[in-house]
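# Summary of the model geometry
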Amino acid sequence: MTAAAFYDLDGTLISTNLVHVFAFYARNDQGILQSIKRSAATIAGLPIFMAADGYSRKVFNDIFFKWYKGQSEDRLRYLAEDLFEEVLGPAVYPGTLPLLEKSRNTGLRQVVVTGALDITIQPLLRHLGITEYVANRLEFVDGRATGRLKPPVMASATKASWIRTYSEKEGLSLSDCFAYADSMSDLPMLSVVGHPTATNPDLRLRSTALRHDWPIVRLQ
Amino acid sequence: MSPVLRRKLDPGTVYIGTDSAPRLIHYGEDFWEEDLPVGTRVIYPKPPIQGLPNPRGAIRHAINHPLGCDPLHAQLSPGMKVTIAVDDISLPLPPMITPDTRQTALEVVLELLEDHGVDDIHIVVANSLHRKMTEPEMRRMVGAEIHDAFYPDRYYCHDAEEPDGIVYLGKTEQSEHVRINRRAVESDLVIYININLVPMDGGHKSVTVGLCDYRSLTHHHDPQTIRDSHGYMDPPASELNHKCVRMGAIVDEHMNVFHIETVLNNRMYHDQLDFLGKNEDDFSELDRMKLRATRWSTGKMPRAAKRAFFHNLPSPYELIACYAGKTDPVHEKTLERCFDQYAIKVKGQCDILIVGVPYISPYNVNSILNPLLVQVMGPGYFFNLFRGKPLLRKGGVLILCHPCYDEFDAEIHPSYIEFFHRLLPETRDAFTLREKYEEEFATNPSYIQMYRQGTAYHGAHPFFMWYWGENGRQHVGKIIAAGAENQHVPELLGWDRAETLAEAIANARSYMGRSAEITMLHLPPIMIPEVE
């Protein structure tokens with residue numbers, strides 16, 4: 001195989017985003033008080049997340065992942081299956097599996113490039129039949145999250161850079177590769193391949209896709 | 001022979017004289033009024049045949065007196081599985097006023113099915129690799145009552161890419177593989193309700209094309225088949241038709257198909273625009289006022305508004321015949337009636353053919369006539385409007401009046417954009433394009449997704465559109481885009497460009513000689529010249 005299809009995950013193949021995942025963990029925190037406290041804090045933090053995401057995906061990541069500080073690695077892993085059953089699985093768009101199947105049938109390697117946390121998405125990737133992926137990784141010290149991400153932090157230009165490096169290493173032709181993403185923050189990732197596809201795009205990405213004559217796909 | 005005397009020879013043919021009125025020529029979403037050179041022959045369509053006074057009665061009579069099989073009621077039994085397939089929005093053009101003939105036929109058929117205890121009924125739009133229709137379009141086509149009763153579970157568009165949605169039926173002696181919609185194949189009875197606007201519609205093409213998948217379609221939608229087809233509107237001379245007939249025989253071996261074919265007249269313009277179909281020499285004062293009012297009002301509108309305005313003007317087509325039964329005897333009758341409306345005797349070929357390209361084609365209802373579709377209309381459909389031999393002499397010049405704007409509908413024609421801007425700059429050779437790129441576009445997962453979940457034409461469709469012009473491209477000496485507003489679109493299509501029609505005619509004359517015979521087809525409505 002000399003080409004691949006690179007997918008963003010949140011908003012592209014599934015309808016949830018990082019905040020849904022965090023809210024699930026907050027809801028399922030140990031102890032009722034702790035759970036209520038974290039859930040309330042998540043809700044209170046929504047405007048901050050939205051503003052940060054609108055400004056820069058990097059700033060959003062810096063703020064958002066701090067909220068994981070103190071979470072136990074064991075518990076995050078333990079709850080990952082439930083997270084898939086309750087949140088991520090039902091959020092898979094109806095068009096996702098047919099798209100992956102058609103893409104796989106054309107001989108493209110299937111690769112997920114996401115800003116989500118690696119420990120949270122593994123059951124989902126198994127469900128989608130995807131084995132190759134790159135995701136963000138939380139830093140843990142003594143089994144507890146520090147609230148920081150291990151580099152490289154997958155967002156915006158880093159995704160494009162990773163795709164370039166990966167393609168070079170694997171001998172893939174970038175001009176034959178596909179990329180699917182939903183957000184303007186993923187513009188670099190779309191721009192680096194020969195077949196970019198705006199998928200369930202936000203308004204800004206949609207107008208960019210129209211300007212560049214990129215296909216616009218809806219998986220809802 | 002003086003121009004006046006020649007004009008009297010045939011009411012459908014006018015020779016331009018020194019006192020002739022300017023001719024109206026479609027120019028995209030506008031019209032031109034052009035003084036043509038003296039001696040130019042202008043060919044007009046026949047007037048509309050009077051519509052049947054009782055369409056519902058005619059349909060009921062046809063299904064009770066079918067050709068080649070038992071009446072429909074005799075084929076029904078309680079509990080049987082029935083699929084009704086209907087033509088998609090590409091027919092008729094423009095969409096007709098409501099009730100659409102499909103609605104009338106469906107109402108008759110559904111009532112009969114209900115009376116016989118048949119309740120496992122699906123209505124499938126036979127859109128093949130065309131775009132899927134939107135819900136409002138589907139509602140308009142069959143009426144609110146049928147739509148509400150069947151949509152979306154039992155009234156939907158054919159999906160040529162649905163996994164497990166296609167069944168392999170077999171192959172012809174020429175190794176043409178036939179693959180058809182599973183629901184239709186597994187039904188005890190398929191009723192196909194067709195609209196025959198031109199002679200290339202209907203017959204075996206209805207099921208073999210309308211309900212097939214990409215692989216099955218490639219046997220006849222390819223450059224060689226199109227080159228070997230001497231006119232799409234003349235079925236005996238069309239290789240495309242021959243292949244459909246062969247593949248249709250495989251369909252008939254495996255499926256019980258009951259065809260209901262309907263023929264419409266050519267009443268394309270309603271009262272406010274009926275002057276567009278008239279001989280300009282015979283315009284009344286009222287016609288001139290209507291023309292001025294139309295030109296004034298559309299002249300003030302931006303192009304998108306004009307486009308929306310014209311796409312919202314349905315045509316008052318009327319049913320002139322309905323036949324039902326087995327494919328071949330039904331289609332034979334249908335073609336006869338079709339030619340009664342469209343065939344027009346013409347004396348001799350021409351050296352220069354002028355055609356105005358309107359805003360609509362079968363592939364851009366409620367959308368944009370993009371450059372590839374202008375090409376489909378020119379060397380594709382308009383060149384192929386003949387029976388017997390082409391109206392345009394071999395090596396002649398085809399002048400197309402259209403702005404050739406570089407505009408595409410990203411939702412409906414996404415793969416066209418890539419085809420036009422990425423492939424055509426590399427080559428215009430249909431065989432090379434097919435060999436190198438058709439598979440890539442046909443299997444592009446994004447385009448497949450847009451076809452399946454959205455309203456996009458299939459990824460391979462722009463290739464078929466390019467092949468569609470193949471026999472025209474091989475036949476003509478030159479194509480000139482008159483009034484093209486840019487240089488690059490005609491250049492990519494391999495055409496000359498002229499600022500005005502007069503410049504295009506001068507260019508054509510310098511190519512064909514000063515004594516070149518010039519003919520203008522006064523389209524639309526459609527006509528099919530039979531050259532004597």
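### A closer look at the side chain of Thr114 of chain A
Residue and element names in this part refer to chain A. Along the chain, Thr114 falls in strand β2 (residues 109-117). From its side chain, Thr114 meets the backbone nitrogen of Ala116 in a polar contact 2.9 Å long. Apart from residues lying up to four places away in sequence, Thr114 is in contact with Asp8, Leu9, Asp10, Ile121, Val134, Ala135, Asn136, Met154 and Lys159.

### Section: the pattern of salt bridges
Residue and element names in this part refer to chain B. Scanning the entire structure with this criterion turns up 47 salt bridges over all chains. The salt bridge partner of Asp159 is Arg452, with a shortest N-O separation of 2.7 Å. Here the residue Asp159 occupies a position in the loop between β7 (155-157) and β8 (166-171), and Arg452 occupies one in helix α17 (residues 445-453), the gap between them amounting to 293 residues. Note on accessibility: Asp159 and Arg452 belong to one class, buried. A single network of salt bridges, built from pairs that share partners, joins Glu29, Arg303, Arg307, Glu407 and Glu485.

### Some details on the interface of chain A and chain B
Across the boundary between the two partners, chain A contributes 21 residues, which contact 19 residues of chain B. Around 1500 Å² of area is buried between chain A and chain B when both sides are counted, 59% of it from carbon and sulfur atoms. Inspection of the region where chain A meets chain B yields three salt bridges. With its nearest N and O atoms 2.8 Å apart, the salt bridge here joins Glu161 of chain B to Lys102 of chain A.

### Brief notes about the pairing of strand β1 (residues 4-7) of chain A
Residue and element names in this part refer to chain A. Alternating residues of β1 divide into Ala4 and Phe6 and Ala5 and Tyr7, and every residue in both groups is buried. Across four bridges, the pairing between β1 and β2 is parallel. Each residue of the ladder has a partner; that of Phe6, found in β2, is Val111. Bridge analysis of β1 against strand β5 (residues 178-181) gives three bridges, and the strand direction is parallel. Note that in β5 the partner of Phe6 across the bridge is Ala179.

The rules we used
Residues numbered from 1 in each chain as written. Chains lettered and ligands numbered in written order. Predicted model: local features only at pLDDT ≥ 70, side-chain atom pairs only at ≥ 80, totals over all residues. Heavy atoms only, no water. Helix = DSSP H or I, 4+ residues; strand = E, 2+ residues; numbered from the N terminus. Polar contact = N/O pair within 3.5 Å; in protein donor to acceptor, adjacent residues only side chain to side chain. Contact = heavy atoms within 4.5 Å. Salt bridge = Lys/Arg side-chain N within 4 Å of Asp/Glu carboxyl O. Buried < 20%, exposed > 50% of the residue type's maximum accessible area, 1.4 Å probe, protein only. Buried area = accessible area lost by both parts, 1.4 Å probe. Pairing = 2+ DSSP bridges.

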